[in-house]
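# Summary of the model geometry
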Amino acid sequence: EYFGLLDRMLPYLAQERVGQSLLRGACVDGTRRALETAVAQARALVFEMGSTTPFLAEEFQDLRWVITDRVVNGSPVWAAVDGKYFMFRNSSQRLVAGFERDCVEGSDCGFMFNTEHTAGVAAPTALSSDKWVSSPRATLASHYASARRLGDT
């Protein structure tokens, strides 16, 4: 569209449209819960997720996530900007970051997840940041080993 100029000037236009759609749907629903959820999700159209202490592997540190128009288990899906990873709501009502195959299946598998159960649809930024857990794949080896030792004692 306009020889790619629109994408350069407004790189998150598609995400803005998804946010508008979420808000319109909530207005039609009319309940306070739907409106609060839509506003929380609209605030998370684009966000970065990382660790203040570097315990995540470099590949997963400071990932930028953008909302997509996909829905899994009743919740929007966010994609990492590189398109390799996806954040979705799994069948256990938790937000999980994993691969596309896991996202498509709504699988419980992934390399990071939030331990908080979400009865309703939730935005990743609305969840408690201290409830995120990473797998050995996403965690620096030395930090994962020390965490395991602490748990064993």
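Counting starts from 1 at the beginning of each chain's written sequence and moves along it residue by residue. Predicted model: local features are reported for residues with pLDDT of at least 70 only, side-chain atom pairs are reported and counted for 80 or more only, and whole-chain, interface and lining totals are derived from all residues. With hydrogens and water set aside, each side-chain value is computed from the structure's full complement of heavy atoms.

Below, the discussion takes up the overall build of the protein chain. Think of it this way: any DSSP run of H or I at least four residues long counts as a helix, any run of E at least two long counts as a strand, and we number them from the N terminus. Regarding its fold elements, the protein chain presents five helices and seven strands. Start at the N end of the protein chain and walk to the C end: the helices and strands fall as α-α-α-β-β-β-β-β-α-β-β-α. For every residue, the accessible area obtained with a 1.4 Å probe (protein chains only) is divided by the maximum for its type, and the residue is called buried under 20%, exposed over 50%, and partly exposed between those limits. Each of the 153 residues in the protein chain was classed as buried or not, and the buried ones make up 40%. Each accessible area is a Shrake-Rupley estimate made with a 1.4 Å probe; only the visible protein chains count as cover when residues are assessed. Accessible surface computed for the protein chain: about 9,300 Å², of which carbon and sulfur atoms make up 55%.

Side chains of nonpolar character tend, in soluble globular proteins, to be buried together. By size, the foremost hydrophobic cluster in this structure holds 22 residues, and its most contacted members are Trp65, Tyr85, Met87 and Met112. Looking at this core, the elements with two or more residues in it are strand E1 (46–49), strand E2 (63–72), strand E3 (75–80), strand E4 (85–89) and strand E5 (95–99). Put simply, buried Ala, Val, Leu, Ile, Met, Phe, Trp, Tyr and Cys residues joined by side-chain atoms within 4.5 Å make one nonpolar core. Counting residues in each nonpolar core, the second largest holds seven residues, with Val72, Phe86, Phe88 and Cys103 among its members.

The predictor's confidence in any single residue is recorded as pLDDT, a number from 0 to 100. Scored by pLDDT, the protein chain has a mean of 77; 78% of the residues are at 70 or more. Counting interchain partners and residues more than four positions distant, the pLDDT-below-50 stretch residues 149–153 has zero contacts. In this description, contact between two residues means that some pair of their heavy atoms is separated by no more than 4.5 Å.

With that settled, the discussion passes to the sheet that holds E4. Pairing between strands is defined by DSSP: at least two bridges between the two strands are required. Read across the sheet, seven strands follow the order E1-E2-E3-E4-E5-E6-E7 without closing on themselves; strand pairing throughout is antiparallel. Across the chains shown, the open sheet's two edge strands, defined by having one partner strand only, are E1 and strand E7 (132–134). Taking the axes of each pair of neighbouring strands and ignoring which way they run, one obtains an average angle of 30° across the sheet. One ladder, built from two bridges, connects E3 with E4; its direction is antiparallel. If you follow Ala79 over to E4, its bridge partner there is Phe86. Axes here refer to lines fitted to C-alpha atoms; in helices the fit is confined to the stretch in contact. Angles between the N-to-C directions go from 0 to 180 degrees.

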